[in-house]
Amino acid sequence: MGPGTALLAADAYVYGSPLVRELCAVQAGLQEGFGVLGPAPFNDFAHAEGPATPAAHVPWGASDLVEALAQLDLSGGPVRLHVPDTGGAYYVLQFVDTWSNSFTYLGSRATGTGEGEWLVVPPGWSGTVPDGVAGVIDAPTSVVSLVGRIACADPRDLPRVRALQQELTLTHLGARAHRTGLPAPDPDVPEALRFFEQLRVWAADFPPAAPDRAYQDRFQPLGLLEEGPSPYVSAGPGLVRALGEGLALGRSRVEEAVRSQEAAHGPPGAWEVRPHPGDRGLDHHGVGTIGPSEWQTADREASYLVRAVAAREALWTPHGYEAVYAHTAHDSRGRPLDGAHRYVLRLAEPPPVRAFWSVTMYDTPGHHLVANPVDRYAIGDHTPGLVHDADGSLTLHLSADPPADPAHAANWLPAPAGGFGPVMRLHLPEQAVLDGTYVIPAVERVEGV
């Protein structure tokens, strides 16, 4: 095996890691639960009890959204989805295929907030659509992650959300039983080759879009296209060495791309705003998606690295036209944010959104919510009692201790005692957010407020 084999294996890692990451997440959802959500079998929802709190101890938990998650298996036939009437309140259901591509959205932006029935069908399905179905969702793969987010302004809003959870249902309509688990990689494969075994088994069961298959065929020399018994149980030393080198090189490519993104986000104190983290799906544009357009990476081979970075950094992050998540960990002079100091975020005008915006506080480097005496973990346009300045602007106070002036208490977002990094979530952002015309002001360090 020459160096070309290792380079080919690196390409295979970049190409296939989104599939492996996605299906590992599916497996976690089925068996252990995911984040604030408990486990649930195929074709059933797991619902969070409410917005994330410090007790959940999950990174980047949203404190003004209630999450729902279902892993759909369509191998036995279609699944019927009932969505309730949310009365105009924001929600989104995001459909993600096994290659980590978001291919359909239902909800406020895409389909409205009224009650409805949808039929989710497997690839190649040609059956009869039942009466009363609003539309058909053609899944690119026979397993799909259905990621739900329902706006929840504060604990008083929970009864409304819980009632909606009861009405959000899935019904398996197939003539055959659905899976109870994912296809299992051979357990006798050495741990060092496990990634390639997962990719071999899962790519066979969940084939990619037709234009990707020619690229995938390149990996024949690696054993990734072999059917039946695993070629990795007793692989020769040359293949083992080449696959190991390729795995390390592929991971390095993805990590370098991540670092390049982080280094390019602007001047000191600038918020890192990425409207295009999900620009990777080239082939499936279902209900609620915008494409083909600037929301895809036109170069197919380049899109594999974009997809790998997105799956590595934030699996299930929606397209920017649905939501943008901006974050910072530095003040206007580039100094790390720290609870030993006081800060303000001055918003001359509200962030331009069609749904809602909020700023959530996290510690660093763990990115967890931190307990505070007023149980406030986010602040935004849904926060009651915000006080605007005389000119109509809004000044938010970020500090570990309450503001010295009691008049500022309503605008206080408590910070942890050590390092922290706020995240601004912009739901249904306007074009000014997407094209960079709107710039989130830097956080300013101040004293005595």
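Residues numbered from 1 in each chain as written. Predicted model: local features only at pLDDT ≥ 70, side-chain atom pairs only at ≥ 80, totals over all residues. Heavy atoms only, no water.

> What should I look at first to understand the pattern of salt bridges in this one?
Close approach of charged atoms lets side chains of opposite charge pair. Applying the stated rule across the entire model yields 17 salt bridges. A salt bridge links R274 to E313, with the shortest nitrogen-to-oxygen separation between them at 3.9 Å. Of this pair, R274 sits in the loop between β10 (272-273) and α6 (300-313) while E313 sits in helix α6, and the two are 39 residues apart along the sequence. Among the salt bridges present, the one from R312 reaches E313, with a minimum N-O distance of 3.0 Å. Owing to a relative accessible area of 31%, R312 belongs among the partly exposed residues under this scheme. When salt bridges that share partners are traced, they join E255, E272, R274, R312 and E313 into one network. (Salt bridge = Lys/Arg side-chain N within 4 Å of Asp/Glu carboxyl O. Helix = DSSP H or I, 4+ residues; strand = E, 2+ residues; numbered from the N terminus. Buried < 20%, exposed > 50% of the residue type's maximum accessible area, 1.4 Å probe, protein only.)

> Is there a simple way to explain the UniProt feature "domain: DUF1214" (unreviewed entry) in the protein chain in this structure?
As annotated by UniProt and renumbered to match this structure, "domain: DUF1214" (unreviewed entry) occupies residues 322-431. Here residues 322-431 is 1% helix and 29% strand, with 11 Å between the C-alpha atoms at its ends. (UniProt positions renumbered as here; feature names shortened; annotations may be inferred.)

> How should I be thinking about unusual backbone geometry in this particular structure?
Apart from glycine, the bulk of residues carry a negative phi angle, and the bulk of peptide bonds sit in the trans form. With an omega of 10°, the peptide bond running from T364 to P365 counts as cis. Considering the arrangement of structural elements, one finds P365 in the loop between β13 (357-360) and β14 (378-380). Non-glycine residue W316 carries a positive phi angle of around 75°. Note that W316 resides in the loop between α6 and β11 (323-327). W316 sits in the buried class, given a relative accessible area of 6%. Even without glycine at this site, L428 takes up a positive phi of about 55°. On the secondary structure map, L428 appears in the loop between β17 (423-427) and α7 (431-434). Judged by its relative accessible area of 5%, L428 falls in the buried class.

> Explain the sheet that holds strand β12 (residues 342-347) here, please?
The strands making up a sheet associate through hydrogen bonds between their backbones, and the pairing can be parallel or antiparallel. The mixed open sheet is built from four strands, whose spatial order is β16-β15-β12-β18. Either end of the sheet is taken by a strand with one partner, and the two such strands are β16 (412-414) and β18 (444-446). The mean angle between the axes of side-by-side strands here comes to 30°, regardless of whether they run parallel or antiparallel. Pairing analysis gives five bridges linking β12 to strand β15 (residues 394-399), with the strands arranged antiparallel. From the neighbouring strand, L345 faces β15, where its bridge partner is L396. (Pairing = 2+ DSSP bridges. Axes fitted to C-alpha atoms, helices over the stretch in contact; angles between N-to-C directions.)

> I would appreciate a short explanation of the sheet that holds β10 in the present structure.
An order of β10-β11-β17-β13-β14 is seen for the five strands of this open sheet, with the pairing classed as antiparallel. At either end of the open sheet lies a strand with only one pairing partner, and these are β10 and β14. Where β10 lies against β11, two bridges are found, and the strand directions are antiparallel. In the sheet register, V273 faces β11, and the bridge partner there is A326.

> Just to check I follow, could you spell out the UniProt feature "domain: DUF1254" (unreviewed entry) in the protein chain for this structure?
In the numbering adopted here, UniProt assigns the feature "domain: DUF1254" (unreviewed entry) to residues 42-171. With 8% helix and 40% strand, residues 42-171 has end C-alpha atoms that lie 11 Å from one another.

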